[in-house]
Structure formats: structure tokens, C-alpha cells
Protein chains: 2
Amino acid sequence: MSEKHVYFFEKDKADGNKDMKDILGGKGANLAEMAGIGLPVPPGFTISTEVCNLFLESGHKIPPDVEEEILANLKKLEDLAKQKFGSEDNPLLVSVRSGAKFSMPGMMDTILNLGLNDKTVEGLAKRSGDRRFALDCYRRLIQMFGDVVLEIPKKKFEAIFRAKKQEKNILNDSELPEKALEEIIAEYKALVKKKTGMDFPQDVKKQLFMAISAVFKSWYNPRAITYRRLNNIPDDLGTAVNVQLMVFGNFGESSATGVGFTRNPATGEKELFGEYLINAQGEDVVAGVRTPFPLKELKTSMPEAYRQLHEITTHLEKHYHDIQDFEFTIQEGKLYMLQTRSGKRTGFAAVKSAVDLVKEGLINKEEALMLVEPDALNQLLHPVFDQKELVNHEKLAEGLAASPGAATGRVVFKANDAVAWKEKGKDVILVREETSPDDIHGMSASKGLLTATGGMTSHAAVVGRQMGKPAVVGCGAIVLGSDQKYFQVNGKTVKEGDWISIDGSIGEVFLGKIPTKPSEIIQVIRGKLNAESSEIYQDFTQLLSWADEFRSLGVRANADTPEDARIAFAFGAEGIGLARTEHMFFEKERLPIIKEMILSKTEEARRQALTRLLPFQRKDFYELFKEMKGHPVTIRTLDPPLHEFLPKKEDLMVELAEIKASGKGDKKKIEELENLLERVRALSEFNPMLGNRGCRLGISYPEIIEMQATAIFEAACQVALEGEKIVPEIMVPLVGSVQELVHQKKIIVDVAENLMEKYKVQVPYSVGTMIEIPRAAITADEIAKEAEFFSFGTNDLTQTTFGISRDDGAGFISHYLTHGIWKDDPFGTVDIEGVGELMALAVKKGRQSRQDLKIGICGVHGGDPRSIYFCHKIKMNYVSCSAYQIPIARLAAAQIALKEKNQLS
Amino acid sequence: MSEKHVYFFEKDKADGNKDMKDILGGKGANLAEMAGIGLPVPPGFTISTEVCNLFLESGHKIPPDVEEEILANLKKLEDLAKQKFGSEDNPLLVSVRSGAKFSMPGMMDTILNLGLNDKTVEGLAKRSGDRRFALDCYRRLIQMFGDVVLEIPKKKFEAIFRAKKQEKNILNDSELPEKALEEIIAEYKALVKKKTGMDFPQDVKKQLFMAISAVFKSWYNPRAITYRRLNNIPDDLGTAVNVQLMVFGNFGESSATGVGFTRNPATGEKELFGEYLINAQGEDVVAGVRTPFPLKELKTSMPEAYRQLHEITTHLEKHYHDIQDFEFTIQEGKLYMLQTRSGKRTGFAAVKSAVDLVKEGLINKEEALMLVEPDALNQLLHPVFDQKELVNHEKLAEGLAASPGAATGRVVFKANDAVAWKEKGKDVILVREETSPDDIHGMSASKGLLTATGGMTSHAAVVGRQMGKPAVVGCGAIVLGSDQKYFQVNGKTVKEGDWISIDGSIGEVFLGKIPTKPSEIIQVIRGKLNAESSEIYQDFTQLLSWADEFRSLGVRANADTPEDARIAFAFGAEGIGLARTEHMFFEKERLPIIKEMILSKTEEARRQALTRLLPFQRKDFYELFKEMKGHPVTIRTLDPPLHEFLPKKEDLMVELAEIKASGKGDKKKIEELENLLERVRALSEFNPMLGNRGCRLGISYPEIIEMQATAIFEAACQVALEGEKIVPEIMVPLVGSVQELVHQKKIIVDVAENLMEKYKVQVPYSVGTMIEIPRAAITADEIAKEAEFFSFGTNDLTQTTFGISRDDGAGFISHYLTHGIWKDDPFGTVDIEGVGELMALAVKKGRQSRQDLKIGICGVHGGDPRSIYFCHKIKMNYVSCSAYQIPIARLAAAQIALKEKNQLS
């Protein structure tokens, strides 16, 4: 053991620096950095994270050589401070703080004033000339040490403290007289004795080592373990311990303590933002007993300290190239910095500050792009609650944040009601057990969606995101009444027509009507607001245009309607990666024809119905092509099982049973229902996800694909004849063996060639396939001989690779995540070890057969930043996501390209 | 083009031999072989399969050099026969026959008497001294040539022929006078002219080349294409053509033609078996106008020819080391061999003859093992219809041959009825849309099962095989009446109580009662027949004991009950590879406890129900262990979704609707039903196959696994304390990530260690997992760090790899198979390119982490010979299959080991 384990820092001189977070933790590294660049940081030393591991491995012992090293550093601190640890005349006091590489809930809190005991407290009194101050420090130490190290519930101390204030009839802590503080200290010590059987340690070195040990032990407290598991943080990182010379914010009215941001973390405005307390120590700010002042008031109350703080934090921003979140203490008018780190901020603030920092010349474009979490852009694209109103409303429940945005409306339980109420001018939130394709019109008429079951890829979630409707799904706490007139939640009943508000960005449900504000960016995109008049729109587009300079991955949209396509294009989509033809089938005037087609008993009858569908589909495609202005449009042939277009089996059974049991039904009606039921039964499946869908349908009923291909190429020829560029890509879903693709491709190519000959025009087109079942990935070399492009359908691929339906799995999936069986939800982020392995294999095998094979992704993962990183790494050509995720994808694609460039990935 | 394309054969001298099937086809190779070893084969030559490909590639032309080679061989044949092709005095006549490597339906038939025309027919008349005979040959040629080469429907010729017989009032063809034959020939020629616009070719070389071309073209007729696709025969094999000197079975009463087997192909008895016709040519035997005589009568009618035939065919058997299927012609008392090949036989004949041939010293044990198709053993283990009775019954429909054996009984439609009727002593066949776990008692009470839907891995199929009940499933032609009192099939109505008979070995359904005979082997296994008194049992066990000498793959049984285990052990199982604990749950007295457990609202209540289940499970395991006498027993923890144990959602909904609509239900009953429905709804899943099942259940409800582990180890300790050997292997189902296994393993190991300590006894045990979802295969290296063994669950693995549920897929799967999208049903035989790839990967990765990892298979594929070959190739340790498939697996395992040894694989 000859390594260095303890790192000293003092002004202009530090053993560490900001890049040493692995061994010094975040806090320690930044203390060293600040000290090193000459900022006023109280001197001290950091015990490295490696000691934490040594401590934990050796049965909770600090190795003797490390102990020696600590004592040597303590000596150095004594010399520097010209004080002595444990001295009755001039005692050295220190703070002890934990500090891991990543900040983590549940880790040990700060202990201040360590080094005080019954004797040194008098030394401090003497030195400071303020015995009340010294006693206040001592009682704080016993309380913090008792709580944090000895694990005596904090409220026991608080009770004593409160009782004493009451007894003395005192309101402000600072008014407590010495006598009262002495009594409190005595009672605290008695409490410690009672709870631990030991006296509060009078040996200051014992205090120090107990505190250090407590920090290390807290690494394995349950909250920290869970947090690490959920955030993929390795258990062997360990935490560092920072021991630092005390400075006192509670040393009278010219002392203070506070926290702040270099810019407003909500808006990004360039202003010192934060709060402070005069004559207080750190925990007073948190405790909330006294209301802190806004930081800007420091300017008037302590102008010089404010000036220093402003200067230092401006320097810190410049030095760190980012917004800083800092802690400081002012002792008798002198400013000390106690912490600095990158400041957490909203999406609004992230975008604005990133652009501003570039404008101010503090950072370059590449750095700016790395400063914004792609997902945070969501907040800019959706309505938000009016924060001032929010506090007045009761939170009812939490569910999955399935589709971002805030919405408020009256509760309805049926799709038809949603439409009817909307027609009467009422805002509604559609609440259902789970939505189905039958609910589409109601979903469209609603302001937001709330479901009791279903996950991030459930119907409500997918369609919600698709439509840009806020949605909270899988909200298990709500229990729907069987008459569809109310729901219950935690004993409360919410009736049809009651107001609720949902925030789909965070998955929260509130009782009552909370006003929302629309997204400015969307207002601009929709032409309802002038681009020039929206600052955030300007910043947003500025940032994304920088992203486009660096990314290599293409970004397309999943869009089924011309409206979707228009928005996607405005957001920067470079094509459509997935147009789901079946979504077009659900429209009101078409559904009866679809039903007729499905119920047909002969191919002849089926063809007749299809002939009537053809003009609708042709029009859809024509408009899609027009909107995309020459960019490629990938159209998927019919995918879902046919029974999705028919009424549910059990509903028909119940209807029939009711009519029969009531004795009221006429014979013809019963017969009709029975016939319908028979067909529905014949089409119904135990596991529709694994049933007759995708290309299996197209192989069973080639005439459907023929109609779709006809619609596509008639539309394409028309556009081409109008002299416009057009690139249709026809995508066959659910292919598992190349023969399936051969079958479907032949139909499509035959139709295409015939129509191009008929219209005497050439349209460059390609036929490709989804890779969405494991067998397709495994045999991708064979499939690529026929497929001109691949698009990963990662929803289905994840379902089949795991053998889990996300919808059905909602219950155990959340159990898996909370119990650490899974680290991530594979339906949200590509499961790299499993699904990703298959994807990488498919890319490799596919390009073996066809070197220039174009490969994209169109599952929900196409809008997930971490998945986008993965897509980039396996050298896919593009990702396709919903219109509203396009900005996220553009930014994420830029980030991974930059990371790769900087070899940081 | 310098290669040899035509191969001549004559007595004692042949260019080819039996091992040249690739280029000479089966027929040609065997003709060469027979000629070469000096048997009386009419000389001739074979045009190789390569010429077929040349012909097809060059736009249906025979290359000039090949044409020359053919003519040179024809010349050689002329010289040998001392006749001349096309000669008016002494004409050479030949037969032309197709002959591919594998015999194939739809390929071109034989043309006899080629070389006759209006002139040569007189030459033949002169030479033979029998003008009637010559004319008969000529009219046959025109008919065969017209049918086969010119594609004029055969029935047109037959109509002319029949009319002439009628006109002349003649019964036997051979009585037709010259005059009538002349008229027939004239009318035949007129027909040819009318249909083709050309005269019947008088140029004999033109005849020959047209016939050869017709053979080659027939390679691509649709039936042949389909057959090849379904049987995995490459398209580029091509067919050979055999041109051979004619010998005449129609040359008077001392001439004859016939076909036969060296042993009885139904029983394996050593006797010449077949039939012959006197004064006839080959097609007469097939045409069925005259009834042929049994071959043994030849002994009296032509003793010398019979003696020769006996001698020659005995020689052939010895030479080929197998039963031969031969064709012969006798011309004026002289015997000619026209074909020999391996004889098709029943399972009974295959086993008996294989053993007999060894006993007779004709072959060795290894050869004997290769002579029996493993699947053919099925016939020996199941009841068969009395063949004499079968012909009197109408075939109603065909379905999938899901579980072998013949059964007859009265139709019932409900499981409870099956039980009730059985109790009254009636034999029943349970007919259902599809069975479910609720039907188990009724299935057990039935003689056989018939379902309208479902595939080879549907519930009815799996349970049928498991119980050894004949089952025909997926019989789409039957339509069940909604009142469950009848079914309809092709316009016929079959009512409850009507007799039907089903043959699950071939998937046929008959109307009426057809007597069946039980399997002797099963009678012996069940102790109802003395082993010594059953010859077939002796042969069967003899063959399998030889198999055991050569195989390296272990064979285990899937067995859930002590009775299953006993039978499996008697069949030679070396352990249990899969004991499904949930099958034990469905028993009458247990199901209510299971339901109670599932409906429990607290863990506490659930544990109480489990405590009551524990003794049942412990008893099950105790008995299983005892039956297996120290062989390993693999027990799978609970697998199916819990709602399988509850009533169906739609049934409850209908019941509730009926009660409410009728206005009769009392409030309490309604409330009860509503509560039950609520719980069923909560547990119901859209895709149960992808839902909360397998280890996901065990993770959600650890107490269930704890109970099961307790039952296993209490039973194991008890057996161990009784001094018996025991090897429990606990298998965790549906693992997709190693963390799942870690979770379940901990529970099992904790219980095991505690109980072994409690009972003070050591039981060697292991904990492993199923590999049944793609992610498990992909991450097998990680999983093997925890799993002590793997068992492939290929049913689920196939479902998830393809994204297809076999049950739901029944419709399109059969469409896929008949349309050649799939060559094989992956639910019957392992899909080597897809599923097999994952299996091989799992074996490789698994053994990377754990070198001695034991790997088996327990899906239905474990009983499929081709899949067993694959398991052997990827170096698995054992296969596990149903008790009745154990013999098949033993034999298949021996065959693949032998193939490998002989480097034939």
C-alpha cells in the first residue's frame, strides 16, 4: 500500500482537479479544481473512493496506513489554519461530506462543526468571542452526528429543540440564549446515551473516524443500492469523503449561507438564481424553518459579497463551459465557495442557455449540443401546466408518462361520448381500462388519455404519441366502475364530467382543472405564431441546425396522414420511415368497407370491397407523397390481424346472451348476430400478436396487397406525371423467411411494372422488409437477397426476443424494474445484449448479401436517445420516429456522432 | 462436351452400378447393378440425369453430341439383340422409362413397345408368328405414347377400346381379334391426328427422341415440383431416362408380368409377396381390368419361372442387404428382371424383417438399425383398425395426425359428458373446437380426441400424445353446432352419440364403428400380455437394444405422473427430462385449492392455500422419484399463466349478462360473479403466450416456488433417507435474462439447503433452466454462469423465433406448407436455419461459460427423428420426449450416431 489515498487542497494548490471524479468524487474533484484556480475555498482534503472499497472489503476498517495518511493531512490542515484539532484554546473544526462520482439519493449527509466537544466548545467560544455561537455549533454537531452517524431519528432532536423554544417562548433560533443552548446540549447528550448506550464521543479523532466510516457505510444503504441499480451505476465505484476547514455562516449578521445557479434553471435567463439565509448554517436552508431570501437580494444586503459571488460564478461558468449549481458561505463578510457542479435545468433552460453560451463565446457549437438532454426537448413541444396554479391541486395518482404534455378536461369513459362532448364544445380526457382501435375517433376528440392498464407501447401510448395527445397509461391505482360512469382512486370517486388534469411528461394525474399553456414551438409549426416572435423557437431551431451539421444518421418520421407528414417535415424529417396503411382504414367512411371485405366469403366479394377502398388509399398516398416533397416515403402493407377491425367476441356474446335471456330479440337480429359472431370467432386468436397478421395476411389474401400496391403506384405515377420527384419504398411487415418476401414482392413488382407501363412514366421504387422477428434477423443474409432495405420493427422484435407482450406484461415489468431484474425497460430503450445482438447480426448478415443495404428503425425505440446511439454504432442509415420526436432524434444523432468523434463513447 | 452421358448395361457387363443413383437415377442404377451381377435383365442404356439439366437449360433441346451418343448406344443394342430399330423384318422394340434419384409422383410413366409403326408392326408379326400379338403391342404403344408424350387424355383411348370390346361383344382383352385391333389402331391414329393435328409418328427415331424429351419435360410438371419442394429435393437433380430392349409378357399363355416383394411388406413374413398377370403387359396390372393372381400361385402355374424368381430375389436381398420390391416379366417361360429397389413396408414389417435379416446372417446390427424409419415404430405402439372392416366405412374428413393410434367411440362434445358416458360403460370420442386444461378429465375419459382447430402443438395434440390417446386435430372441415349437440362435415350431420372412428397415425376420421386391435407391445408393457408370447415385442426390444449399443445421445421422458414415469421407464427412458408440475394442479381435489390461491388478495392467504397444496405435490414427487429408480428427474417449476386455472372471461360475462337480463339472479350471486369476473379480468391477457407465466410468475409470487421447492426436497430427502439414490434437477422455465434465474435459484437453493440440514441427509441436486425464448439463447453465456443445465423448450422457442403461435397459426401454416413458403412445419421438425441457429449458439455460448454444461431438449421436437439428428449434431447430451416416443428417440439417436460413424451424414 504505497498509493496516494488522500488529496489535499488549498488556495492555488491542490493535489486533484475536476477530471478526477473517479477517485475524488464529484464534490472533491470540483473543490480541488476551484482551489487550484485560486478561488476562495476553505482548505481541506479528500479521502479517495478507493478507500471506500478498501473499507468495505476489509470488514468496515480503515487500513492503518490510510489512517496515518488522513492524520498527516489533518496535521497539514492544522498548520495551515494555525489551529489544533481537539485544542481547548484554538480548536480546528471541520465539515465531513460524502461525494461519489454521481450524486445519489440516500448517501450520507453533511456533518458540520466536527471537532467540538465539551472542552473545545469553550475554546471556540473564546476564539470567536461569542459563546452563544460556539454553543449553537456544538448542539448542531450533536444533532447531525446523532442523526447521520449514530442513526438516531432526527425528529427526536427536533422535538427537544422545539420544546426548548416553546419553553423559552422564543420564535427565532438565533434568539435562544446561552443557557437554553446549554440545556439543549445536555438533553441531546442524554438522548445519545439513551439510544446508543454510549456517550457522545468527546475524542475528536474518534468523531472524525466515525464520521468517515459512516460515509463509507452509507454507500450500501438500500436507497443508494436501488438508485445505482436503476441508473446502471456500478457498485464498485465507491464514494469519497471530503474533510474541510469549517467556515461559519452562523457567525452573526454579516455571515450567511446559500445555494444558487449561474442562470435561471427553469428559463435559462442569465441571472444569479438561488437563495440564502443570514446567520445560518447549510441545513437551515433545507430545513425550511426560516424562509430564505432570493439570491438577488444579497446584492443589497451584502453588496461586496454579492459582487464577489457574481464574479466567481461567472468565472466558473466560463471555466466549466456550463451552467453551474453552487454552494457558498459568507463568514463575517468574506465569501467561501463550498461546491460547484453542472446545474440541473429544464428543457427550456437547457436550449436557451446552450445557444446563449455559444453566442457569448463561452462554448462552441459542439459543446452546446452536448449540454442538452435530447429527451428534455419534449418539454418544449407540449403544453405545460401553469406552475402557479399547479400547487393548488391535489395529485390523484401516478402512471407511466406515455405521451408528453399537460392536458385538462372532463372525464369521459367512452369514445363516442368523447366525440359527442367535444361537439358540444367541452374539453374531455378519455379514461379507459385500455384503448383499442375502435376508440380512435374518441381519442382524437380528447385533450388527453388516461388508461388503467397498458405500457409504453400499449395502444393508448403509441397512438397518444402519434397524435401528440398527452397520455398517462398503466395508472394501476384507478379502478373503473363497471357502469362506465366513474372511476375510483385511493378511495376517492371521480365521476363522468368531473375535471381532471394530466401531465403526460411526468405521468401525473390531478383532480380539477389546471390551466395549460400551449407550446410556442408547436404554435409556430402550425402557423399560429410568427417564428420571429418566439425566442424559444429561434433557439430551438438554431440548436437543431447545429445538430444537423454533425450527425451522420438520417432522421425520418412515422406518419400515416398528410397532416402528420406536414408536421414531421416542419420538424426536419428527411422522409417517412413508416406509413401504416391500416391506420387509414379506421376512418369513419372506410371502416364499413373494411368490415365488408373481412366478412366476405369469397375472393370475388373481397375484391369488390377492395375496389371501393382503392380510391381512398390512392388519395392518402398521393397526399403523403406531395407533403414529403421528393423525400422517400416508406409505406408498410397491411399489418394488423383482421379481427381488429371487427367487434370484440365477448361483446357480441354478451349482446346475444342478453337478447336471448330477455326474450325480446327478434329472430332475424339474433341470426345476424350469430353469423357475425361465427365469423369473429373464426378470426379470433388466443395470441393475436403471434397470429395471422403482417405478410401472413398478405399471403393468405394476396388481393389486399394487390389493391394496396395499386393505390401506391397509381398515386406515385400521378405525382410523377405532375413532374415531381417521388421515392416510394414499399415495406413488407413480419417477414420471417425469405420466401414470404418473395411472395409479396412479386405482387408488388408486378403491379408497379404494369402501372408504370400503363401510365408511361418511370418511378424509382424499392421493396424492402421489416426486421421484427428473431428469425428475420438470424436469416438476414437470405432475406437481403430480396429486400432492398431493412427497417427494424423493434417493438415486435423486443416482444418476440423476450417472449413478452408489453401490454400484458405491464404488471410484472414494473415489478422487474423495481426489483432490479431488469436495469432498463427494453420496450423503452433497445436491450443491447439481447435484441441489440440480433440487430447487429441482421446488419452484418444483411450487408454481407447486399453491400449497400439501407437500414433503418421504425419501432418506438427510433425516438429514444440511447437507442439512437446504438443505431448509430451499428451503422444504420436512419431512425424513424413520431413527428414530435424528430427534434430529439436529430439532437441524439448529433451527440453520438460527436461522442464518437471525441472518442468519448 | 467430352463426358459420358449414356451408360450401357447388358448381362455381366454394365457401365454403371447401384451407387450411381445421382447420375443414373434409382431405376437405372439398379438395372445396371442387376445386369452387372449377371441377372437376367433385358439389355439397354440409361441417359444420365445431367442430360436432363442440359436439355432444360438449352430450351428443351438434346445436345447434338448427346444425340450421337444415344444413337451409338442404340446401335450397340441393335447389335446385341440382333435386331434393327425401325426394321420392317426384324424390328428392335424398346421401353422408355423415367428414373430420378428419388421416385416422385407426377413423373412420366413408362412407354412400352416403342419402335412400332405401320410397317414394323408387320415385321414383329412375322418374327413372332403372332400378328394379333404384334397389333396388341402397337395399339398399346399408340395409347401410351398418346397419353404420356402427346398429352391426349387417356380416357379418350380407353373409350375407343371399351366401345370396340362392346361392339364385338368381347370380355377379355386377349380375345380381341386382329380385325378389331386393326380398327382400334386406326381409330387411335385418328384421335391423335384430331387432337394434335399431326399423325402418330412413323419415324421410330422421332418416337424415341420425343419420348426422351417428354421424360425430361415431366421433371417440371407441377406435381413433381410440389413434391420436390415438400420433400426438400433439389430442382437440379434431374431425371435419367432408361431405354431397354422390350420383353413381352403379353406373348401368349406362357408369358406373364408381375410385381412383388421379397417379404410381406405388411407383416415382414419371409415369403414372396406380390401379384402377376398372365399374357399381359405392365400397365394391365395397374389398370385393374383384370384381377391379378397372388404371386405364390406362380409356383404352380409356372414352377420353373417361380423357382428362378425365388432364387433371383433371394439373391437380390442378400446383395442389397434389404427387402426388395421388384418388377419382372416372363416371356415364353423365360424370366426377366425389370426393376428392383428397397421395398416400402409397414412399421411391423420393418422391425420384423430387420431383426430377421440379422438372424439370417444377411446383414449386421448396424445395417438393421438403418432399415427402420424411427417414426414407423409408432404403428407398433398404438391400436390399429381392423383392415378388413375399414373398407366398409366412409371417410368423413382429414385433419392433422396429432397423436397416433386408432380409436372408435360415440361422439360427445363436453368433457363432463365424456366422463358421464364413460361411467355408463360407453366408449366416447371427445369432439371440440379446441381443448383446454378444463377438459383434462374428459380427455382422460375418452378413447380419442377430435378438434376443429389447433395444430401439432395445440393442447389437444400435446395432451393426446402425453396420454397416449389417438387424436386428430385441426380438422377444419368439421363445423360444431352452437348447441354442442352435433357437428357438420361436408353437408353431413353427425350427432351426439353417433359412432365415429379416428386414426391419429394418419389423421383420418371415419363414420361408424370400426373395430380396433390393441398394440401387443403396449399390452406387454402394461403387464397384460406375456413378453415371451409376443413375437413383435421380442423383435422390437431386440432392435432397440441394438440401438442402445450405438447411440451416444441420452433419451429421457416427459412424464408428469408416476404412471407416465413407469411406462417411460419400461420403454427405456434414462430419466425424466420434464415433469410439468402444473399438470398435477388440474386434478379434481387440487383445482379448488389452486383457485383459492389465485384469488387470494394477500400473500398471507396465498401462503395458506399453498400450504394445503404442499402435501399433494410432495407425494407426486416422491412417487416420481421412486419410479425412476435413481435416474435423474427434471422438475419444472410452475409455468402456465394463472388464468388457465380460472373460468374463461367471456363465459363469466355471458353468465352475468344472462342472469341480469333474465331478471332472475339474486343480488348475492351477481355480486359473487362480478367479483370473480373482476379478478379474471385482472389476470386475463391479450397474448397469454407472451404474458405472466414461467419464471415471471415465480418472481411475482416467490411463495409458489418456495412451496414447490419444499415439496421437491422433502420428497427427495425422504427417498434419500430410505437409502435410495435420487437425482433431482430443478428447472426454471421461460428465463430470458440471467437475473431471473438468479432470483429463482436463490429460493430453490435456500429451501434445499435448509431441508437437507433439517433431515440430515445429502441429496445431489442441480438447478438449471429452459432455453425457450430467443434472448435466453443469445445470452446463454451469461445464463450458464448460473444454470447447471439447459433444456431447450423448442415449442416456445419456435413460437418466439418465428413470432407465430402454432395454435392460432393453424390456418396460415397449412397454407404456407401447401404453397411451399415453408418446406417443413417448424413445429414438427426443428427449423435448422432459424431456431436451430439459436440452439447451436446457445450450446456454444453455454459451454463457453460452463464446459460440462448438460444440455437437453424437452419440446415436442425431442421425439422427432430429424430433430434428434440435429440435437446429436450440435452435441446435446439428451433428448426428452413423451413415453411413447422413447423407442423412436432411441432408434433415431442410434441412426445418427451410425451415420456419423460411416461418414454418410
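Residues numbered from 1 in each chain as written. Chains lettered and ligands numbered in written order. Predicted model: local features only at pLDDT ≥ 70, side-chain atom pairs only at ≥ 80, totals over all residues. Heavy atoms only, no water.

1. A word on the overall build of chain A
We apply this condition: Secondary structure elements are defined from DSSP: runs of H or I of at least 4 residues count as helices, runs of E of at least 2 residues count as strands, and each element is numbered from the N terminus. A simple rule labels every residue: compare its accessible area, found with a 1.4 Å probe on the protein chains alone, to the largest value its type can have, and call it buried under 20%, exposed over 50%, or partly exposed in between. Two residues qualify as a contact provided that any one of their heavy atoms is within 4.5 Å of a heavy atom in the partner residue. A 1.4 Å probe and the Shrake-Rupley method give the accessible areas. Residues count as covered only by the protein chains that appear here.
When you go through chain A residue by residue, the secondary structure sums to 35 helices and 32 strands. Its C-alpha atoms give chain A principal-axis dimensions of roughly 105 × 65 × 55 Å. Per-residue burial over chain A gives 59% buried out of 905 residues. Of all intrachain contacts in chain A linking residues separated by at least 6 positions in sequence, the fraction that spans at least 24 positions is 68%. When the accessible area of chain A is evaluated, it comes to approximately 36100 Å², of which 50% is carbon and sulfur surface.

2. Section: the packing of aromatic side chains
All names here are of chain B. Just so we agree on the cut-off: Note on ring pairs: Phe, Tyr and Trp rings are taken, using the six-membered ring of Trp, and paired if centres are within 6.5 Å. Classes follow the plane angle, with under 30 degrees stacked, over 60 edge-to-face and the rest tilted.
Applying the stated criterion across every chain yields a total of 32 aromatic pairs over all chains. Where Tyr138 meets Phe200, the ring centres are 6.1 Å apart and the plane angle is 65°; that geometry is what we call edge-to-face. Separated by 62 residues along the polypeptide, Tyr138 in helix α5 (residues 131-148) and Phe200 in the loop between α7 (178-196) and α8 (204-218) bring together distant segments of the chain. Side by side, Tyr138 and Phe200 carry an identical accessibility label, which is buried. Look at Phe157 and Tyr188: their rings are 4.9 Å apart centre to centre, the planes differ by 85°, and that puts the pair in the edge-to-face class.

3. Remarks on the sheet that holds strand β18 (residues 428-432) of chain B
All names here are of chain B. Short version of the rule: By definition, two strands form a pair when at least two bridges between them are found by DSSP. Lines fitted to C-alpha atoms define the axes, with helix axes restricted to the stretch in contact, and inter-axis angles between N-to-C directions lie between 0 and 180 degrees.
The strand order across the open sheet formed by eight strands is β15-β25-β24-β17-β18-β19-β20-β16, and the pairing between neighbours is mixed. Sheet topology places β15 (395-398) and β16 (400-403) at the edges, where each strand pairs with a single neighbour. With strand direction ignored, the average angle separating the axes of adjacent strands in the sheet is 30°. One ladder, built from four bridges, connects strand β24 (residues 499-503) with strand β25 (residues 508-511); its direction is antiparallel. Bridging across to β25, Asp503 finds its partner in Glu508. Its contacts with the sheet place helix α16 (residues 415-423) against β17 (406-412) and β18, and it is angled at close to 175° to β18.

4. Overview of the environment of Ala35 of chain A
Residues and elements named next belong to chain A. Considering the arrangement of structural elements, one finds Ala35 in helix α1 (residues 21-36). For the pair Ala35 and Asp235, spaced 200 residues apart in sequence, the C-alpha separation works out to 30 Å. Setting aside anything within four residues of it in sequence, one finds Ala35 in contact with Phe9, Glu10, Lys11, Asp12, Lys13 and Val41.

5. With respect to the pattern of salt bridges
Stated formally: Think of a salt bridge as a Lys or Arg side-chain nitrogen and an Asp or Glu carboxyl oxygen that are within 4 Å of each other.
The final tally for this structure, using the stated rule, is 144 salt bridges over all chains. Residue Asp825 of chain A pairs with Arg806 of chain A through a salt bridge whose shortest N-O separation is 1.7 Å. Linking Asp825 of chain A in the loop between α32 (806-818) and α33 (835-849) with Arg806 of chain A in helix α32, this pair joins segments that are 19 residues apart in sequence. Residue Asp825 of chain A is classed as buried on the basis of its relative accessible area of 14%. In this structure Arg806 of chain A comes out as buried when scored by relative accessible area, which is 3%. Between Lys164 of chain B and Glu183 of chain B there is a salt bridge whose closest N-O contact spans 2.8 Å. With Lys164 of chain B in helix α6 (residues 154-167) and Glu183 of chain B in helix α7, the pair connects residues that are 19 residues apart, well separated along the chain. Of the two residues, Lys164 of chain B and Glu183 of chain B, neither departs from the other in class, the shared state being buried.

6. Points about the relation of the copies chain B and chain A
Operational definition: All copies are superposed by least squares; the fitting set is the C-alpha atoms of residues with a pLDDT of at least 70 in both.
Take chain B, turn it by 180°, move it 0.2 Å along the axis, and it overlays chain A with an RMSD of 0.2 Å. These values place the two chain copies in the arrangement generated by a two-fold rotation axis. If distances are taken from each C-alpha of chain B to the rotation axis, the shortest is found for Asn687 of chain B, at 2.1 Å. Mapped onto chain A, 100% of the interface residues of chain B are again interface residues, and the two copies thus contact each other with one and the same surface.

7. Looking at unusual backbone geometry
For residues that are not glycine, phi is negative in most cases, and the peptide bond is trans in most cases. Residues and elements named next belong to chain A. Phi at Asn169 takes a positive value of approximately 55°, unusual for a residue other than glycine. Tracing the backbone shows Asn169 in the loop between α6 (154-168) and α7 (178-196). Judged by relative accessible area, Asn169 falls into the exposed class, the value being 70%.

8. Some words on the interface of chain B and chain A
Selection criterion: In this description, buried area is defined as the sum, over both parts, of the accessible area (probe of 1.4 Å) that is lost when the two are combined. The definition of a polar contact used here is a pair of N or O atoms within 3.5 Å, where within protein one atom must be able to donate a hydrogen and the other to accept one, and adjacent residues in sequence count solely through side-chain atom pairs. Charged means Asp, Glu, Lys or Arg here, nonpolar means Ala, Val, Leu, Ile, Met, Phe, Trp, Tyr, Cys or Pro, and polar covers whatever is left, Gly included.
The interface is formed by 52 residues belonging to chain B together with 52 residues belonging to chain A. Interface area, chain B with chain A, both sides summed: about 4500 Å², of which 62% is carbon and sulfur. The largest contributions to the chain B side of the interface with chain A come from Leu690, Arg775 and Asp808 of chain B, which together make up 15% of the buried area. Linking chain B to chain A there are 16 residue pairs in polar contact (both at pLDDT 80 or more). Elements with a minimum of two residues in the side of chain B that touches chain A: α24 (649-662), α26 (695-700), α28 (738-759), α29 (774-778), α31 (794-802), α32 (806-818) and α33 (832-849) of chain B. Among the elements that line the side of chain B that touches chain A, the one with the most residues is α24 of chain B, at nine residues. The residue makeup of the side of chain B that touches chain A, split by class, is 20 nonpolar, 17 polar and 15 charged.

9. Comments concerning the confidence of the model for chain A
Note: predicted coordinates in regions of low pLDDT should not be interpreted at a detailed level. Note the threshold: pLDDT gives the predictor's per-residue confidence on a scale running from 0 to 100.
Scored by pLDDT, chain A comes out at a mean of 92, with 98% of its residues at no less than 70. Two numbers describe this predicted complex: its pTM, 0.83, and its ipTM, 0.82.

10. Observations regarding the packing of helix α31 (residues 794-802) of chain A against α33 of chain A
All names here are of chain A. What counts is decided by this rule: By the definition adopted for this analysis, an angle is roughly parallel if under 35 degrees, roughly antiparallel if over 145, roughly perpendicular if from 65 to 115, and oblique otherwise. Each helix crossing is assigned a hand: it is left-handed if the near helix lies turned anticlockwise from the far helix by less than a right angle, otherwise right-handed if that turn is clockwise.
Contact geometry for α31 and α33: axes closest at 10 Å, N-to-C directions at 120°. In this view, α31 runs oblique relative to α33, as classed from their interaxial angle. The two elements α31 and α33 meet at a crossing, and its hand is right-handed. Of α33, the residues touching α31 (which contributes Thr794, Leu797, Thr798, Thr801 and Phe802) are Val835, Leu838 and Met839. For the contact of α31 with α33, the class distribution of residues is five nonpolar, three polar and no charged.

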